Amino acid sequence: MSEPLEVPLRDSGPLRIAVRTAAIMLVFTLVFTALMAGTYRATAPLVAASTKAEKLALIGEVLPFALYDNALLDDWIEVVADKELGVTDATRLYRARLKGQPAALVIEAAAADGYSGRIGLLLAVKASGELLAVRVSEHRETPGLGDYINPKKDRNKSQPWITQFSNLGFDSVPRERWRVKKDGGHFDQRAGATISARAVTNASGRALAWATQRRDKLFNLPAHSRFEESKP
Amino acid sequence: MSAYKEIAWNGIWKQNTILVQVLGLCPLLAVSTNFVNAVSLGLATVVVMLLSNLAISALRALIPYEIRIPVFILIIAALVTVIDLAFNAFLHDLYLVLGIFIPLIVTNCIVLARVEAFAAKNGLRASTLDGIAMGAGFVWVIGLFGAVRELIGQGTLFSGIEMIFPTLSGIQIFPADYPGFLIAMLPPGAFFVLGLLIACRNWLDARANQRLRDRRSHGQPSAATSVAT
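*Asks:* So what about the overall build of chain A? Which residues, and what values?
*Replies:* Within chain A one finds three helices and six strands. When the helices and strands of chain A are placed in sequence order, the string is α-β-β-β-β-β-α-α-β. Radius of gyration (C-alpha) of chain A: 25 Å, far over the 17 Å computed for a compact globule of 232 residues. The C-alpha extent of chain A, read off along each of the three principal axes, is 85 × 45 × 40 Å. Burial analysis of chain A (232 residues in total) assigns 43% to the buried set.

*Asks:* Pulling in residues and values, what's your account of the packing of aromatic side chains?
*Replies:* For the coordinates displayed, the defined rule picks out 12 aromatic pairs over all chains. Pairing Phe 65 of chain A with Tyr 68 of chain A gives two aromatic rings, centres 6.4 Å apart and planes at 55°, and the pair type is tilted. The class for Phe 65 of chain A is exposed, based on a relative accessible area of 61%. With a relative accessible area of 14%, Tyr 68 of chain A lands in the buried category. Ring centres of Phe 35 of chain B and Phe 158 of chain B lie 5.0 Å apart, and the angle between their planes is 85°; this geometry places the pair in the edge-to-face category. Remark: Phe 158 of chain B occurs in the loop between strand 1 (156–157) and strand 2 (171–172) and Phe 35 of chain B occurs in helix 3 (residues 35–59); sequence separation between them is 123 residues.

*Asks:* Give me the lowdown on the packing of helix 3 of chain B against helix 4 (residues 68–90) of chain B, citing residues and values where you can.
*Replies:* Residues and elements named next belong to chain B. For the pair helix 3 and helix 4, the least separation of the axes is 10 Å and the interaxial angle reads 135°. In terms of orientation, helix 3 lies oblique with respect to helix 4. Seen along the crossing, helix 3 lies across helix 4 with a hand that is right-handed. Of the residues in helix 4, those touching helix 3 at Val 47, Val 48, Leu 51, Ser 52, Ala 55, Ile 56 and Leu 59 are Phe 72, Ile 75, Ile 76, Leu 79, Val 80 and Ile 83. Class assignment of the residues belonging to the contact of helix 3 with helix 4 gives a composition of 12 nonpolar, one polar and no charged.

*Asks:* Can you explain the pattern of salt bridges? Please cite residues and give values.
*Replies:* All names here are of chain A. With the rule as written, the count across this model stands at 14 salt bridges over all chains. A salt bridge links Glu 78 to Arg 226; the nearest nitrogen and oxygen atoms lie 3.0 Å apart. Placement of the pair is Glu 78 in strand 1 (residues 76–79) and Arg 226 in strand 6 (residues 226–227), with a sequence separation of 148 residues. Residue Glu 78 is classed as partly exposed on the basis of its relative accessible area, which comes to 24%.

*Asks:* Provide a residue-level description of the interface of chain B and chain A, including the pertinent values.
*Replies:* At the interface, 36 residues of chain B touch 29 residues of chain A. Approximately 2800 Å² of surface area, both sides summed, lies buried where chain B meets chain A, with 77% of it carried by carbon and sulfur atoms. Summed over the three residues of chain B that lose the most area to chain A, namely Leu 74, Leu 85 and Ile 100 of chain B, the buried surface amounts to 19% of that side. Where chain B touches chain A, the interface holds zero salt bridges. Our count for the chain B to chain A interface comes out at two residue pairs in polar contact (both at pLDDT 80 or more). Looking at the side of chain B that touches chain A, the elements with two or more residues in it are helix 2 (25–31), helix 3, helix 4, helix 5 (92–98) and helix 9 (182–185) of chain B. Counting residues per element, the side of chain B that touches chain A draws most heavily on helix 4 of chain B, at 12 residues.

*Asks:* For the sheet that holds strand 5 (residues 131–138) of chain A, give the residues involved together with the corresponding values.
*Replies:* Strand pairing in a sheet relies on backbone hydrogen bonds. The paired strands run either parallel or antiparallel. Residue and element names in this part refer to chain A. Taken in spatial order, the six strands line up as 5-4-3-2-1-6 in an open sheet, and their pairing is mixed. Strand pairing shows two members of the sheet lacking a second neighbour, strand 5 and strand 6, which therefore form its edges. Strand direction decides the pairing type here: strand 1 and strand 2 (residues 91–98), joined by four bridges, are antiparallel. Paired with Val 79 across the bridge in strand 2 is Thr 91. In the packing of helix 2 (residues 194–213) onto the sheet, contacts are made with strand 1, strand 2, strand 3 (101–114), strand 4 (117–126), strand 5 and strand 6, and the angle to strand 3 comes to roughly 145°.

*Asks:* Give me the lowdown on helix 1 (residues 14–62) of chain A, citing residues and values where you can.
*Replies:* By the largest-angle criterion, Thr 43 of chain A marks the main kink of helix 1 of chain A, which is about 45°, and a proline, Pro 45 of chain A, follows within four residues. Within helix 1 of chain A, burial applies to Thr 21, Ile 24, Phe 28, Phe 32, Thr 39, Thr 43, Val 47, Ser 50, Leu 58, Ile 59 and Val 62 of chain A.

*Asks:* An account of the side chain of Glu 108 of chain A is needed here, citing residue identities and associated values.
*Replies:* Residue and element names in this part refer to chain A. Note on placement: Glu 108 falls in strand 3. For Glu 108, a relative accessible area of 19% corresponds to the buried category. Among residues more than four places away in sequence, those in contact with Glu 108 are Lys 55, Leu 85, Val 87, Thr 91, Arg 92, Leu 121 and Leu 122.

*Asks:* Which residues make up the packing of helix 4 of chain B against helix 7 (residues 109–119) of chain B, and what values do they have?
*Replies:* Residues and elements named next belong to chain B. It is at 10 Å that the axes of helix 4 and helix 7 come closest, and there the two elements cross at 130°. With respect to their mutual orientation, helix 4 and helix 7 come out oblique. The handedness of the crossing between helix 4 and helix 7 is right-handed. Taken together, the residues of helix 7 that come into contact with helix 4 (itself represented by Arg 68, Ile 69, Phe 72, Ile 73 and Ile 76) are Val 111, Leu 112, Val 115 and Glu 116. Looking at the contact of helix 4 with helix 7, its residues break down into seven nonpolar, no polar and two charged.

Definitions and cut-offs
- Residues numbered from 1 in each chain as written.
- Chains lettered and ligands numbered in written order.
- Predicted model: local features only at pLDDT ≥ 70, side-chain atom pairs only at ≥ 80, totals over all residues.
- Heavy atoms only, no water.
- Helix = DSSP H or I, 4+ residues; strand = E, 2+ residues; numbered from the N terminus.
- Rg over C-alpha atoms; globule rule 2.2 N^0.38 Å.
- Buried < 20%, exposed > 50% of the residue type's maximum accessible area, 1.4 Å probe, protein only.
- Phe/Tyr/Trp six-rings, centres within 6.5 Å; stacked < 30°, edge-to-face > 60°.
- Axes fitted to C-alpha atoms, helices over the stretch in contact; angles between N-to-C directions.
- Parallel < 35°, antiparallel > 145°, perpendicular 65-115°, else oblique.
- Left-handed = near helix turned anticlockwise from the far one by under 90°.
- Contact = heavy atoms within 4.5 Å.
- Nonpolar A, V, L, I, M, F, W, Y, C, P; charged D, E, K, R; others polar.
- Salt bridge = Lys/Arg side-chain N within 4 Å of Asp/Glu carboxyl O.
- Buried area = accessible area lost by both parts, 1.4 Å probe.
- Polar contact = N/O pair within 3.5 Å; in protein donor to acceptor, adjacent residues only side chain to side chain.
- Pairing = 2+ DSSP bridges.
- Bend = angle between axes of the 7 residues up to and from the residue.

Given below as structure tokens:
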């Protein structure tokens, strides 16, 4: 605290001090925003490449290679933002076929109601209507508490939580029981972190319903085309 | 030289961020559910504290006193963002494990507290050392925290270490049918452990002071105990 009153007014009046301070703040803001923007631009291609590699690895986890023989990564259609799936951007949906017959769909979905925001999911849905498997592609759940939705962080290595959805369809678990046990449904949750489990369970149920209802349309669209829900 | 020693001692014990200043509880309580997560967060925090202390000590002559706090926050947030992006781009495997902790560091008031209390008033070398020492104090306490909560909560130690060192694996300390003790994993358990650790530290300090007093000749006025309250 220097003594501001003793400084002659004509050299540094209150207005002048205010303008000078604001200018300094502006310069700091510009410099550090530029630093962030520059880093973002420099790292964006690398980040995008590793995100893509991760997605491919994840597809391998939900969809066994034995179930299809087509060029999966080239047989995609684009799904525009869809409320049921929870996706806000256009995403790619991959179609797996075996000997020309529809085998499975690989879908991206998301739950907006995770404990710390959005949980991204990747699901493989068999043409017969069963969910092959679900994996969490991105999340911000509390480490050590809600992050068991990622099987790599799950303490139960032999039977990770997320594998309980595997090979289930609405034939074996009715649509209205596709919830966590705490909500009167079929699926387990871990004590202390129900919100994460509930978000993943509900979102996977919604995505499974979405895919089974539109199955034929999704498989029959020409590759690389756009799927958009016709407005009612 | 002894000035540097004092900075180190302050960070690790005397002014320990958690046990004495009781700062940074938000990430502490949330993440210290097991040893590996706790130490991971701690190490990421050391990097941020080191860099933010360095940056602000270097720029301190340019920052007007009246707007220092917004400028500090701006610099810290920018540094954390840059570290997050750089980690993601260049150390992607490690990012998959540690990445989730980096944005949490912004919520840690230790970083701002050290910048304001130390780096804004001291030179580059001392500020860097202060960042490392305060960070080291954070790491050992949060690591101990994680170990205690993991052991009581799930009966294991070092679970999840295979994500960092694929050849290692966690150790089951209690029998495999140990049912776990959920409250240790939840925030209330964290507060219990925090209370116990602070009590232990105060007891150790009080005992050290008592010994010091006993060693001095009787009748001499003793220095006030420096037990934190």
